[in-house]
Amino acid sequence: MKVRQRHPLIVGTFILTATGFISRLIGFFYRIYLSRLFGEEEMGIYQLLSPVLSLSFSLTAAGYQTAISKLVAEQTATQRRPSFRPVLLGLSLSLPLSLLCNAVLYFFAEPISIRLLHEARTASMLRILSFSVPLSAIHACFNGYFYGIKKAGIPAGSQLLEQIVRVGSVYIISIHSLSQGRTPSIGIAILGLTIGEFFSMLMAVLALSPRKQMFSLLQPGTETARMLYGKLLAMALPLTANRIILNLLQSVESISIPSRLRLYGYDKVTALSVYGVLTGMAMPFIFFPNALTGSLAVLLLPMISESYALGDMKSVKRAALRTVKYCGLLGFICMGIFVLLGRWMGTSLFHSPLAGYFITTLGFLCPFLYLDTTLSSILQGLGMAGHIFTMNVICMLLRLCFVLLAIPHFGITGYLWGLLVSQLTLGVLYLVYLFRFLKKHQD
């Protein structure tokens with residue numbers, strides 16, 4: 001207990017990393033199972049839904065989760081007790097938006113699939129996916145509260161439960177279909193995602209102590225609901241706008257890759273297959289060690305916010321420098337592993353030499369990729385959401401230029417160059433802004 005109180009960042013990171021590692025390990029074998037069950041083309045179709053899911057989450061939940069986490073952490077630091085009111089205020093905004101998004105995706109699935117995704121086979125999957133949006137919104141608001149009070153175990157546990165339920169339900173449904181002599185559709189992967197989200201949301205809600213939260217609501221606060229709404233929106237709206245614009249650009253990127261590959265000379269099936277191998281097999285492999293940096297990033301935000309609110313710049317500087325040091329070291333180690341063993345990994349695990357080529361090439365991203373995740377969280381904790389937004393848009397536009405201009409001439413290799421250049425640029429910009437801030441506020 002003493003260790004947990006003295007080193008909440010270390011303990012919280014360990015909890016999130018342990019569960020994140022287990023979740024990613026399950027997800028890793030799950031991806032192998034899906035790729036062998038459905039093949040490269042259907043994996044490509046499945047990955048076309050990722051931008052829709054990301055955009056929906058950005059619009060309805062992501063900004064509110066971060067804002068709730070930051071607000072709860074600040075109130076805990078200044079008032080010496082956590083408040084549940086930011087969660088209720090966040091839900092009053094997030095839930096109606098998510099229900100509206102649910103309706104749009106369900107009733108306009110066919111136009112979206114044909115005109116935006118350019119793949120009619122995604123329509124039925126969009127309808128199933130739509131029901132996960134309100135569940136994600138509720139889950140995100142409750143997670144924001146738990147991160148704010150530094151109880152990382154509950155979000156970590158719900159994440160693990162979601163992955164177990166998702167994989168388990170897909171496995172059971174697919175085995176049942178095969179035993180009946182039917183070929184399972186990739187749509188069952190979307191169904192599994194929605195079922196997993198429901199159970200993880202349920203766990204987060206049930207983890208609250210009703211007595212404590214009622215006591216928190218009855219306590220007279222120093223701020224009115226109107227003031228809290230103002231603070232919440234001041235934090236959530238820039239973050240939401242940031243995420244929406246970035247996800248719109250990412251959606252354009254994801255949808256454009258198969259079409260630009262066709263300009264390079266591929267037919268539709270080959271283009272979708274290459275896209276599926278890259279985003280459904282190689283990318284998750286590269287992001288596997290991000291379980292550590294992602295966990296650290298989630299916990300750094302409320303901790304940096306609390307230290308900054310108290311004027312403790314020494315703690316802010318110490319956390320920032322340690323983050324740069326250890327995330328950079330992790331990135332270089334992973335780069336060496338992926339560059340040396342990438343081709344063997346792709347061939348042995350996915351039975352795809354193309355996946356091996358992607359893993360080897362993407363390995364060079366690791367030092368920048370893992371560092372950027374945590375630096376973004378630190379800068380958000382220091383109130384620099386606007387700067388983060390600008391830097392991300394610049395780098396996203398840079399990457400999009402490679403998609404539109406390089407892929408038709410160099411194939412998928414042109415996109416890999418764009419990933420490397422944009423991630424390197426983003427890392428340099430983050431470091432420049434962070435060290436300028438620390439220099440300006442040094443004692």
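Details of the structure are given in the entry above.
In this text, all values refer to a predicted model and were calculated from it rather than measured experimentally.

Caption draft 1: View of the pattern of salt bridges. In the structure shown here, the tally under the stated rule is six salt bridges. Arg127 is the salt-bridge partner of Glu110, the closest N and O atoms lying 3.7 Å from each other. With a gap of 17 residues between them, Glu110 in helix 5 (residues 109–116) and Arg127 in helix 6 (residues 123–130) connect regions that are remote in the sequence. Relative accessible area serves as the criterion here: at 27%, Arg127 is assigned to the partly exposed category. Here the residues in one salt-bridge network are Glu41, Glu119, Arg121 and Lys268, joined through shared partners.

Caption draft 2: Spatial organisation of helix 6. Listed in full, the buried residues belonging to helix 6 are Ala123, Met125, Leu126, Leu129 and Ser130. Down the axis of helix 6, the buried set is contained in an arc of 155°. They therefore lie on one face.

Caption draft 3: The arrangement of the packing of helix 12 (residues 268–286) against helix 14 (residues 313–350) in detail. Taken N-terminus to C-terminus, the directions of helix 12 and helix 14 make an angle of 140°; their axes are 12 Å apart at the nearest point. It follows that helix 12 is oblique to helix 14 by the angle criterion. As helix 12 packs across helix 14, the resulting crossing turns out to be right-handed. Contacts between helix 12 and helix 14 involve Met281, Phe285 and Ile286 from the first element and Phe338, Met345, Leu349 and Phe350 from the second. Taken together, the residues of the contact of helix 12 with helix 14 sort by class into seven nonpolar, no polar and no charged.

Caption draft 4: Structural detail: the environment of Val339. Along the polypeptide, Val339 turns up in helix 14. Through-space distance from the C-alpha of Val339 to that of Tyr357 is 9.4 Å; in sequence the pair is 18 residues apart. The contact partners of Val339, leaving out residues within four places of it in the chain, are Thr360, Gly363 and Phe364.

Caption draft 5: Structural detail: a positive patch on the surface. A grouping of Lys314, Arg318, Arg322 and Lys325 is seen on the molecular surface, where their side chains present a positively charged patch. Tracing the backbone through its elements, the reader meets Arg322 in helix 14.

Caption draft 6: Structural detail: unusual backbone geometry. In this structure, His118 is a non-glycine residue whose phi angle is positive, near 55°. As for its placement among the helices and strands, His118 is situated in the loop between helix 5 and helix 6. For His351, which is not a glycine, the phi torsion comes out positive at approximately 55°.

About the cut-offs
Residues numbered from 1 in each chain as written. Predicted model: local features only at pLDDT ≥ 70, side-chain atom pairs only at ≥ 80, totals over all residues. Heavy atoms only, no water. Salt bridge = Lys/Arg side-chain N within 4 Å of Asp/Glu carboxyl O. Helix = DSSP H or I, 4+ residues; strand = E, 2+ residues; numbered from the N terminus. Buried < 20%, exposed > 50% of the residue type's maximum accessible area, 1.4 Å probe, protein only. Arc of directions from axis to C-beta. Axes fitted to C-alpha atoms, helices over the stretch in contact; angles between N-to-C directions. Parallel < 35°, antiparallel > 145°, perpendicular 65-115°, else oblique. Left-handed = near helix turned anticlockwise from the far one by under 90°. Contact = heavy atoms within 4.5 Å. Nonpolar A, V, L, I, M, F, W, Y, C, P; charged D, E, K, R; others polar. Patch = residues over 30% accessible without salt bridge, like charges linked within 9 Å, V, L, I, M, F, W, Y side chains within 5 Å. Areas by Shrake-Rupley, 256 points an atom, 1.4 Å probe, with all protein chains shown as cover. Lys, Arg positive; Asp, Glu negative; His and termini not counted. Charge placed at Lys NZ, Arg CZ, Asp CG, Glu CD.

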